[in-house]
Amino acid sequence: MSTTEKDIASAVDAGGQHDHHEIPWIRKYVFATDHKMIAKQFMFVSLFFLVVGGALAGMMRFQLGFPGQPMPGAGILPDAMMAPTPNGAIMLPEFYNSLVTMHGTIMIFFAIMPLLVGLFGNLLIPLQIGAEDMAFPRLNMASFWLAVPAGMLMLASFAVEGGAAGAGWTSYAPLSTSGEWTGVYLGQQLWLVSLTILGFSSLIGAVNYITTVINLRAPGMTWFRIPLATWSLFVTAVLILLAIPILAGALIMLLFDQTIGTGFFRPEVGGEPLLWQHLFWFFGHPEVYILILPAMGITSEVLSNRARKPIFGYHSMVLALISIGFLGWIVWGHHMFQSGMNPLLGTSFMISTMAIAVPSAIKTFNWLGTLWKADIHFDVPMLHALSFVSMFIIGGLSGIFMASTPVDIYIHDTYFIVAHLHYVLFGGSLFAIFAGITYWFPKMFGRMMNEPLGKVHFVLTFIFYNLVFFPMHNLGLQGMMRRIYDFTQYDFLQPLQPMNQFITLFAFALITTQLLFVFNFFWSIFKGEKAGNNPWKSNTLEWTVPSPPPHGNFAEMPTVFRGPYEYSSPESDDDFLPQTTPPREGPGPSSGVPEPTPTPEGAEA
Amino acid sequence: MTWSDWSWVLPEAFSTFSDDVDMIYYVILWVTGIIFVITEGVLIYFLVRYRHKEGRKATYDHGSSKLEIVWTTATLVVCLALGIVSKGVWDTMKIDVPEGAMEIIVTAQQFEWHVTYPGPDGALGTADDFEVLNQIHAAVDEPVWIHLRATDVLHSLFLPEMRVKQDAVPGKDIPVWFEATATGEYTIGCAELCGIGHTTMNGTLTIHTAADFQAWATAQAQRPRPRP
Amino acid sequence: MIDRLWKARGVAVITALLLAVGCGGEGGGSDASGGGDSGPAASPVDAATAGHASGMVTFSGMAPANAEIDMSTEDVCAAKHSMTPTQETVVVGDGGGLANVFVYVKEGLESLDFPTPTQAVVLDQDGCEYTPHVLGVQTGQDYTLKNSDGILHNINASPTENRGFNVSQPVVMETNRSFPTAEIMVPLICNVHGWMNAYIGVVDHPYFSVTGPDGSASLQGLPPGDYVVEAWHELYGTLTQNITIVTGETAELSFEFNADMSAAHVPLGDPIDPMHPESHRTVDHQ
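A few points on the structure. Keep in mind that this is a model prediction, so the values were computed, not measured.

Let's talk about the sheet that holds strand 13 (residues 216-222) of chain C
All names here are of chain C.
Stage number 1. A sheet is described by the order of its strands in space; here three strands give the open sequence 13-1-16, paired in mixed fashion. Each having just a single partner strand, strand 13 and strand 16 (250-258) make up the two edges of the open sheet. Going across the sheet, the axis of each strand differs from the next one's by a mean of 15°, ignoring polarity.
Stage number 2. In this structure, strand 1 (residues 51-60) lies alongside strand 13, joined through five bridges in antiparallel fashion. Across the sheet, residue serine 54 finds its bridge partner in strand 13, namely serine 218.

Dropping the structure here:
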């Protein structure tokens, strides 16, 4: 076909498929503009970084479980990280500080965030709202290809003299302002540059997502018929849009302090260390909601579908998402209760923090309500989604302790905080990611993941995960501080040695167990049972198209008649009723079709 | 490892406000513990009771606004109550330094605690001040007002048995106070990552009887100072 | 046509990324032995025509007392000292000799290239003190940081011509490093033990000497010619002397410091005040 004929064909095909012409391999798989391919690109790169982050944690746990002992196999690491001694290679404190920093940085920015926002945002938003792609496909490509050099810089920072950043993922000033304090020179700057580039990647992604959701919804897809996964990603995108610029500003100010002698945060030239904390956490608290809201959205999708029951209180769920997004801006000071800021602010931030517990509680009760009198199928995605709910309950409740300012005096900067954050980020976000990947895998690859292997992976992960992180509450209550290379230097912490070792051994087991998921994932891409359009009998729009969907997604513009959670509806012969199925009769209470002014074909909304 | 490693009972504390702090902790522990048992219990019950069986059909139900209002209000009330209870103790610990407290300066730096005492004249900043490293000494039942400073990076003065924690910020002078209720030797720790030697910033807090403290302070003041 | 354009962009981007990775990956390695590849190459100096310089660095007047060190925070090190340890700021021998003075040829050797010695010099941390207090190395020559105490020490170096570093040694161990650029002098401190301080002088030739309490300094095997020799002391600053080397003869070196010179500006690497080691950090070592 000549170019002109292709153009005519496309024009006639009013917004339909564009698979007439051959896209060269490099345009389809490398510099892709199709949102589904970009989603996969984010997924593969992020899963790689998830493994890197896990490896870093494994090394940290070795030092904590066996302080000062030579680490097996560490001889391959350079002397800057592991000191050679006659008995073997011993971890250096500066490398431990880098491990702590880079584990947090890589997990948050290069694993969890791109999985939730890059993978699920890209995969789900256009499909769930009935669009053929994102509003700006080339901007979408740019978003991914900015994340890649950011990741490479972050990894490269391990190889430079002085090693990778070592001031914590929070990079507090003045520690982070000079290698004189940390022993890290270029590595700290690479950290800043990498995150600034990644920030731009996230920003343009957010612009894309917001525009797409507002403008490209199919007819009938009103705001309150949007599935909760897309709703959560929409609110998340707004948070990204508003929060990332503050982070970028702070990162650049710190870079200037490190390199050209400015004094934003350096007290020796009149700067204010607390300014860094305010800027960082003003971004940082919305950031943690960026890390949990999409997970909540995914959980709602899977829970409702696998329980064959409408989500309990859909409107409240949307309102809760928006409330969390809004309240998330006024709680940042709860990270700074002990920072030296005015204690009066401690009280105001405590009140707002107590308030933000409410919408999260609403969501939790609503998930429980969804399970009440349901018909629960314990498939692998459901197991992970249920895990999200039960682990998020623990993570959320532990947050109450630190929200109380006097109790926070005791538990701040201890392992109680480490336990809390891992319950919400691993117990929460990561289990939701497992739920999402196992649930939408057939849509991405046209094949199911192996169910028995998935169940084994789930059970072992769930057990080992709790054995690793639940005892950390106790370590914190006994006074064990965070980011500490050798806690046995403190007499009062020496009795905690056995528990640290216990945690370390189960951490190794937890990390090893993930090989099951890696194997299942790759094996299933090639050998998994072939999946049809809608293996989960779901209502949302992505399940009305083939698995995987063709370029352009929908052969015809879909029309939406009802909300996304019409499971076990009396209007359906089956226990599900897709959003795009025309209603059997005329208007009814649950068909979502308003009283018609007579139209030629009564079904068009 | 023993069963006690898994205990959520706090280690003992020995200051005038530690009972209040610990009480709030236990209230929160009970409240969250009960909520935990109920919610997880309900979850497990639902999973068992409503699991898929041949012929089972879910109830077509979209929720209940009334129920939502009830549990939203209950959650809000409980959370705000905990906040209100906490405020008084927080103000006491962070703002209301008692009259007549013994003033000392604790200066944190990589990787030592420099503790400056006022000396026999009782006033800081005079020639008879003396300094000790990685130790704080005080008398039992007497309030101590620490002027917390730092010279280089952030540190955090952590006195676990007194339930004291406060970040030390270069360029600031932050008030920290406590009144010990039992003699003994306790822990000083650093609770904010401060560099390579963060792990070595441990010290000893010694609470003496009033007489012993006087003896210690006098002996220290008379100790030959390092020649300048 | 559009496809070829995309292909070209793609190739360009991938090439750029590969270059970036390839070039960005270096940068480590100055903690491995940096010297050595010149091996035992021939010295450019003809021993038959060489001359020497030697003499005394003395201190006149009342030497101020050195600050005492309180090691009570580190039991392992306190146990190694039977008498109260002191700083080594002003060490004057019985004969009036001033120790820890770094004497070196400052000018006159610019046209010569000297081989890098393969032998490493040792800077030991023993009893929480650096031994020696002042050390000289050649550019590219290995020096070994040695931890004889078996407790955590960090070595925090703040040079201005070379790259700074801050590394730790948590157990008995040795680490080799080298400086690529000449610098007078590089200050070292330990942050875990705030009283520890030392200085390293880096020169690109072998003509340097650190005085002991006897005050003697000796520069052997210099080519004939005119030279400027400098003596550096951490508190009293620098003194210079012009000498002329004649074949087979020994020129006399003589440097006299006195207590009035303590107000001197000590160039590069300001001295560390042992009572307030953090004060040296006010200097911007960018």
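Quick word on the pattern of salt bridges
All names here are of chain A.
Stage number 1. Summed over the entire model, instances satisfying the criterion amount to 16 salt bridges over all chains.
Stage number 2. Between glutamate 451 and lysine 455 there is a salt bridge; the shortest N-O distance is 3.8 Å. You can see glutamate 451 and its partner lysine 455 sitting in helix 15 (residues 451-477), four residues apart, about one turn around the helix.
Stage number 3. Residue glutamate 451 is classed as partly exposed on the basis of its relative accessible area, which comes to 25%.
Stage number 4. Of the charged contacts in the structure, one is a salt bridge between arginine 584 and aspartate 573, with a shortest N-O distance of 3.4 Å. With a gap of 11 residues between them, arginine 584 in the segment after helix 16 (497-527) and aspartate 573 in the segment after helix 16 connect regions that are remote in the sequence.

Topic: the sheet that holds strand 3 (residues 130-133) of chain B
All names here are of chain B.
Stage number 1. Across the sheet, which stays open at both edges, the five strands sit in the order 3-2-1-5-8 with mixed pairing between neighbours. Of all the strands in the sheet, just strand 3 and strand 8 (174-179) have a single pairing partner and so form its edges. Direction aside, neighbouring strands of the sheet carry axes that sit 25° apart on average.
Stage number 2. Across seven bridges, the pairing between strand 1 (residues 102-109) and strand 5 (residues 143-150) is parallel. Within strand 5, the residue paired with methionine 102 across the bridge is valine 144.
Stage number 3. On top of the sheet, helix 3 (residues 210-222) reaches strand 1, strand 2 (112-117) and strand 3; it is set at about 105° to strand 3, its chief contact.

Overview of the pairing of strand 11 (residues 197-203) of chain C
Residues and elements named next belong to chain C.
Stage number 1. Counting buried positions along strand 11 gives seven out of seven residues, so the element sits mostly inside the fold.
Stage number 2. Burial along strand 11 is two-sided: Asn197, Tyr199, Gly201 and Val203 and Ala198, Ile200 and Val202, pointing in opposite directions, are all buried.
Stage number 3. Pairing analysis gives five bridges linking strand 5 (residues 134-138) to strand 11, with the strands arranged parallel. Note that in strand 11 the partner of leucine 135 across the bridge is isoleucine 200.
Stage number 4. Relative to strand 11, strand 10 (residues 183-189) runs antiparallel, the two sharing five bridges. Paired with valine 186 across the strands is isoleucine 200, a residue of strand 11.

Topic: helix 15 of chain A
Residue and element names in this part refer to chain A.
Stage number 1. Between its first and last C-alpha atoms helix 15 spans 39 Å; for 27 residues at 1.5 Å apiece the expected length is 39 Å, and the two agree.
Stage number 2. Where helix 15 begins, the side chain of asparagine 450 points an oxygen toward the backbone nitrogen of leucine 453, at a separation of 2.9 Å.
Stage number 3. Glycine 479, located one to two residues past helix 15, shows a positive phi value of around 105°.

So, a nonpolar patch on the surface
Stage number 1. Taken together, the side chains of Ile252(A), Phe256(A), Ile260(A), Phe264(A) and Leu275(A) define a hydrophobic patch exposed on the protein surface, amounting to about 410 Å² of accessible area.
Stage number 2. Along the chain, the position of Ile252(A) falls in helix 8 (residues 228-259).

Remarks on the pairing of strand 3 (residues 121-126) of chain C
Residues and elements named next belong to chain C.
Stage number 1. Pairing of strand 3 with strand 6 (residues 143-147) involves five bridges; the strand directions are parallel. Residue pairing in the sheet places leucine 123 in a bridge with leucine 145 of strand 6.
Stage number 2. Both strand 3 and strand 4 (residues 129-131) contribute to a ladder of three bridges, which runs antiparallel. Bridged to aspartate 126 within strand 4 is glutamate 129.
Stage number 3. Where strand 3 folds back onto strand 4 in an antiparallel hairpin, the turn is made up of two residues, including glycine 127, whose phi is positive at roughly 65°.

What to know about unusual backbone geometry
Stage number 1. A cis amide bond links Gln110(B) with the next residue in sequence, Phe111(B), at an omega value of -10°.
Stage number 2. Looking along the chain, the bond that leaves Ile184(C) and enters Met185(C) is cis, with omega of -10°.
Stage number 3. At Lys373(A), a position not held by glycine, the phi torsion is positive, near 55°.
Stage number 4. By the element assignment, Lys373(A) lies in the loop between helix 11 (343-371) and helix 12 (380-403).
Stage number 5. Look at Asn100(C): it is not a glycine, yet its phi comes out positive at around 60°.
Stage number 6. Within the secondary structure, Asn100(C) sits in the loop between helix 2 (75-78) and strand 2 (102-107).

Quick notes on the interface of chain A and chain B
Stage number 1. At the interface, 100 residues of chain A touch 83 residues of chain B.
Stage number 2. Surface buried jointly by chain A and chain B totals about 8000 Å² across both partners, of which 69% is contributed by carbon and sulfur atoms.
Stage number 3. On the chain A side of the contact with chain B, Phe401(A), Ile409(A) and Tyr410(A) bury the most area, a combined 8% of that side's loss.
Stage number 4. Counting the contacts that link chain A with chain B gives one salt bridge.
Stage number 5. A salt bridge links Lys172(B) to Glu272(A); its shortest N-O distance comes to 2.9 Å.
Stage number 6. Taken together, the connections running from chain A to chain B amount to 28 residue pairs in polar contact (both at pLDDT 80 or more).
Stage number 7. Among the elements that line the side of chain A that touches chain B, the one with the most residues is helix 11 of chain A, at 15 residues.
Stage number 8. Taken together, the residues that form the side of chain A that touches chain B break down as 59 nonpolar, 27 polar and 14 charged.

Re the state of the cysteines
Residue and element names in this part refer to chain C.
Stage number 1. Counted according to the given criterion, the structure contains one disulfide over all chains.
Stage number 2. Paired by a disulfide, cysteine 77 and cysteine 128 hold their sulfur atoms 2.0 Å apart. Taking the sign of the S-S torsion, 65° for the link of cysteine 77 and cysteine 128, the bridge is right-handed. Pair noted here: cysteine 77 is in helix 2 and cysteine 128 is in the loop between strand 3 and strand 4, with a separation of 51 residues, a long-range link.

Regarding helix 9 (residues 273-306) of chain A
All names here are of chain A.
Stage number 1. Between its first and last C-alpha atoms helix 9 spans 50 Å; for 34 residues at 1.5 Å apiece the expected length is 50 Å, and the two agree.
Stage number 2. Along helix 9, the sharpest kink reaches roughly 30°, centred on tryptophan 281.
Stage number 3. The buried fraction of helix 9 amounts to 29 of the 34 residues, a majority that puts the element mostly inside the structure.
Stage number 4. Capping the start of helix 9, glutamate 272 holds a side-chain oxygen 3.0 Å from the backbone nitrogen of leucine 274, two or three residues further along.
Stage number 5. Directly beyond the C-terminal end of helix 9, a positive phi value near 55° is found at arginine 308.

About the cut-offs
Residues numbered from 1 in each chain as written. Chains lettered and ligands numbered in written order. Predicted model: local features only at pLDDT ≥ 70, side-chain atom pairs only at ≥ 80, totals over all residues. Heavy atoms only, no water. Pairing = 2+ DSSP bridges. Helix = DSSP H or I, 4+ residues; strand = E, 2+ residues; numbered from the N terminus. Axes fitted to C-alpha atoms, helices over the stretch in contact; angles between N-to-C directions. Salt bridge = Lys/Arg side-chain N within 4 Å of Asp/Glu carboxyl O. Buried < 20%, exposed > 50% of the residue type's maximum accessible area, 1.4 Å probe, protein only. Contact = heavy atoms within 4.5 Å. Expected span 1.5 Å × (residues − 1). Polar contact = N/O pair within 3.5 Å; in protein donor to acceptor, adjacent residues only side chain to side chain. Patch = residues over 30% accessible without salt bridge, like charges linked within 9 Å, V, L, I, M, F, W, Y side chains within 5 Å. Areas by Shrake-Rupley, 256 points an atom, 1.4 Å probe, with all protein chains shown as cover. Buried area = accessible area lost by both parts, 1.4 Å probe. Nonpolar A, V, L, I, M, F, W, Y, C, P; charged D, E, K, R; others polar. Disulfide = S-S within 2.5 Å. Bend = angle between axes of the 7 residues up to and from the residue.

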